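Analysis of the macromolecular model
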Amino acid sequence: MNLNKQILKQHAGIILALVLMLMSCQRNTGYGQLIGVQDRNRAIPPIPHGMVYIPSGHFIMGAGGDDPSYSMNNTPRTVSISAFYMDETEITNNQYRQFVNWVIDSLKFRLLGEVDPAFLIEDPNDEYGGLPAINWRHRPRRWTPEMLEAIEQLYTPIEERYYRRREIDTRKLNFEFQTFDYRAAAQRSEGEIDSRYDGIHMASFATRPQSLRSRAGYIRRHVVNVYPDTLCWIVDFSYSYNDPMVRSYFSSPMYDHYPVVGVNWHQARAFAKWRTIMHNNDLTRRGFAELNEYRLPTEAEWEFAARGGLELNPYPWGGPYAMNMNGCLIGNFKPQRGKYALDGGLYPVIVGHYAPNDYGLYDMMGNVAEWCIDMFTESNEMAHDFNPVVEYDAKSDDPMAKKRKVIRGGSFKDFAELCKVYHRHYEYQDTAKSYIGFRCVMSYLGRDRNDNMRTASNVHR
């Protein structure tokens with residue numbers, strides 16, 4: 001009797017695993033009925049913090065009746081846009097600082113991992129030598145001289161210290177991320193495929209499914225320095241005293257809720273990628289399905305959102321004037337020559353200072369211009385009329401014309417005519433300006449808000 005109990009005890013784990021497996025199989029088969037895969041993650045996540053919902057619809061892109069820059073690059077045409085979320089304000093200094101601080105912390109942990117492996121989590125199944133994950137939960141009980149020496153690499157050399165201040169060397173704040181080139185993967189040209197599929201008979205090589213081709217050639221690796229270019233205040237305004245902005249605009253808590261500037265197109269995209277990773281990791285931990293990626297808006301999405309659902313309006317509030325009935329200017333732009341502060345803002349002002357449009361979006365006119373994901377082309381007719389975008393990730397040796405990215409909305413230094421919702425302009429993707437910031441968007445998963453919930457409750461009723 002005791003022997004039988006001992007045998008059962010030894011095999012209890014195996015028996016339990018078999019029982020659970022059988023129960024799982026029975027549940028998924030639905031007793032022979034077609035019920036779909038069960039126990040999926042929750043599919044209705046919360047609205048992303050700080051974002052507003054923009055419904056799907058169509059509008060006349062480029063409509064406005066005039067061409068203030070005489071560039072002839074904006075032909076009015078009707079386009080349709082899918083629903084999406086958009087940041088209600090421009091990304092602020094303090095929000096972007098969260099990204100910078102995360103990069104600093106991650107670099108510190110990796111340096112400390114060279115002294116104490118407990119700071120990193122090695123993946124035993126990683127056969128390709130990738131970077132180990134960071135063990136954010138590990139905290140040293142005491143700081144050893146070796147640890148202090150390791151993180152000292154992140155600080156400026158002694159000979160470069162101003163007034164002997166020990167400061168982070170911002171030149172070392174690099175963020176590495178990957179993107180997948182779906183457009184290149186969708187090409188039907190001949191290419192390399194995995195050797196394990198060579199024996200599969202197919203009528204034509206060119207029609208082989210994309211999934212059978214090697215994906216390595218479509219993965220793009222990016223390394224981006226994330227710290228804003230604070231010297232842009234000097235570069236952008238010749239013979240102008242902006243030294244206090246260089247020293248304080250990004251670093252001082254007084255400017256925490258002002259729009260971040262000095263961020264180029266690559267840095268804005270890196271921020272969106274980091275934000276995606278952080279949010280989806282948290283959703284997965286809490287049992288929700290992952291959301292679409294945060295990204296920069298297409299210029300069509302930006303204009304559609306800026307109009308606030310109003311037809312043919314030149315400004316986000318609808319009317320043809322940048323002044324209300326009481327004679328107050330209702331945006332941060334350059335009202336008259338030399339009178340920058342006439343509207344209440346000499347430089348960029350705190351986000352959300354002026355009234356929002358009908359979608360609840362602030363500062364879609366003036367304050368700072370905003371990066372879009374599109375490559376700038378001389379005509380907006382190049383793209384499709386269904387979610388139009390002209391996207392191109394320019395390489396370092398590409399012609400300068402391919403490195404132009406669309407900016408929208410105008411800024412504190414522009415006249416009102418250049419801040420209208422349909423005005424198109426550009427800046428080069430690797431340049432940072434004191435008058436350009438950004439905000440993020442996220443494509444909505446579904447036809448309309450709450451549509452997924454209504455559909456799920458009515459299926460097979």
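Our subject is the structure that appears above.
Residues numbered from 1 in each chain as written. Predicted model: local features only at pLDDT ≥ 70, side-chain atom pairs only at ≥ 80, totals over all residues. Heavy atoms only, no water.

Considerations on the overall build of the protein
Each helix and strand counted, the protein has 10 helices and 13 strands in total. The long-range share in the protein, meaning contacts at least 24 apart out of those at least 6 apart in sequence, stands at 72%. For the protein, the exposed surface amounts to about 27200 Å²; the carbon and sulfur share of it is 54%. (Helix = DSSP H or I, 4+ residues; strand = E, 2+ residues; numbered from the N terminus. Contact = heavy atoms within 4.5 Å. Areas by Shrake-Rupley, 256 points an atom, 1.4 Å probe, with all protein chains shown as cover.)

Here's the deal with the pattern of salt bridges
In this structure the tally under the stated criterion is 23 salt bridges. Two residues, Glu176 and Arg221, come together in a salt bridge whose shortest N-O distance is 2.8 Å. Of this pair, Glu176 sits in strand E7 (residues 174-180) while Arg221 sits in strand E8 (residues 219-225); the two residues are 45 residues apart in sequence, bridging distant segments of the chain. Take Glu176: its relative accessible area is 39%, and that puts it in the partly exposed class. The partner of Arg295 in a salt bridge is Glu301, with the nearest N and O atoms 2.8 Å apart. (Salt bridge = Lys/Arg side-chain N within 4 Å of Asp/Glu carboxyl O. Buried < 20%, exposed > 50% of the residue type's maximum accessible area, 1.4 Å probe, protein only.)

Some points on the sheet that holds strand E4 (residues 84-87)
Across the sheet, 3 strands lie side by side as E1-E4-E13; this open sheet has antiparallel pairing. Two strands in the sheet have a free side with no partner beyond their single neighbour: strand E1 (51-54) and strand E13 (441-443). With strand direction ignored, the average angle separating the axes of adjacent strands in the sheet is 25°. On the sheet, helix H9 (residues 299-307) packs against E1, E4 and E13 and is oriented at approximately 75° with respect to E4. (Pairing = 2+ DSSP bridges. Axes fitted to C-alpha atoms, helices over the stretch in contact; angles between N-to-C directions.)

Focus on the packing of aromatic side chains
If you walk through the whole model with that rule in mind, you get 33 aromatic pairs. Between Tyr96 and Phe438 the ring centres are 6.5 Å apart and the planes differ by 80°, which places this aromatic pair in the edge-to-face class. Taken together, the positions of Tyr96 in helix H3 (residues 93-113) and Phe438 in the loop between strand E12 (436-437) and E13 put the pair 342 residues apart, joining distant regions of the chain. When the ring of Tyr162 is compared with that of Tyr163, the centres are 5.0 Å apart and the planes differ by 80°; the resulting orientation is edge-to-face. (Phe/Tyr/Trp six-rings, centres within 6.5 Å; stacked < 30°, edge-to-face > 60°.)

Describing H9
Among the 9 residues of H9, 9 are classified as buried, and the element is accordingly described as predominantly covered. Within H9, the full set of buried residues consists of Glu299, Ala300, Glu301, Trp302, Glu303, Phe304, Ala305, Ala306 and Arg307. Of the residues trailing H9, Gly308 is marked for its positive phi of about 65°.

Some thoughts on unusual backbone geometry
The phi dihedral of Tyr163 is positive, around 55°, even though this residue is not glycine. By the element assignment, Tyr163 lies in the loop between helix H4 (145-151) and E7. Tyr163 gets classed as exposed once you look at its relative accessible area, which sits at 67%. One non-glycine residue, Asp363, lies in the positive phi region at around 60°. Considering the arrangement of structural elements, one finds Asp363 in the loop between H9 and strand E9 (369-375).

A closer look at a nonpolar patch on the surface
Taken together, Leu231, Ile234 and Val235 make up a surface patch of nonpolar side chains, about 280 Å² in accessible area. The residue Leu231 is located in the loop between E8 and helix H6 (232-236) in this model. (Patch = residues over 30% accessible without salt bridge, like charges linked within 9 Å, V, L, I, M, F, W, Y side chains within 5 Å.)

What to know about the sheet that holds E9
On the basis of which strands lie adjacent, the open sheet formed by 4 strands has the order E11-E10-E9-E12 and mixed pairing. Of all strands in the sheet, those bounded by a partner on one side alone are strand E11 (425-428) and E12.

Looking at the side chain of Asn264
Note on placement: Asn264 falls in the loop between helix H7 (243-248) and helix H8 (265-285). Here the side chain of Asn264 touches Gln267 through a polar contact of 2.8 Å, landing on its backbone nitrogen. Those residues in contact with Asn264, other than ones at most four positions away along the chain, are Trp371, Gln429, Asp430, Thr431 and Ala432. (Polar contact = N/O pair within 3.5 Å; in protein donor to acceptor, adjacent residues only side chain to side chain.)

What to know about the pairing of strand E10 (residues 404-408)
In terms of residue burial, E10 counts as a mostly covered element, since 5 of its 5 residues are buried. Of the two faces of E10, the one carrying Arg404, Val406 and Arg408 and the one carrying Lys405 and Ile407 are both buried. As judged from the 3 bridges shared by E9 and E10, these two strands associate in the antiparallel manner. Residue pairing across strands places Met375 opposite Lys405, the latter belonging to E10. Pairing of E10 with E11 involves 4 bridges; the strand directions are antiparallel. By the bridge assignment for E11, Lys405 is matched with Glu427.

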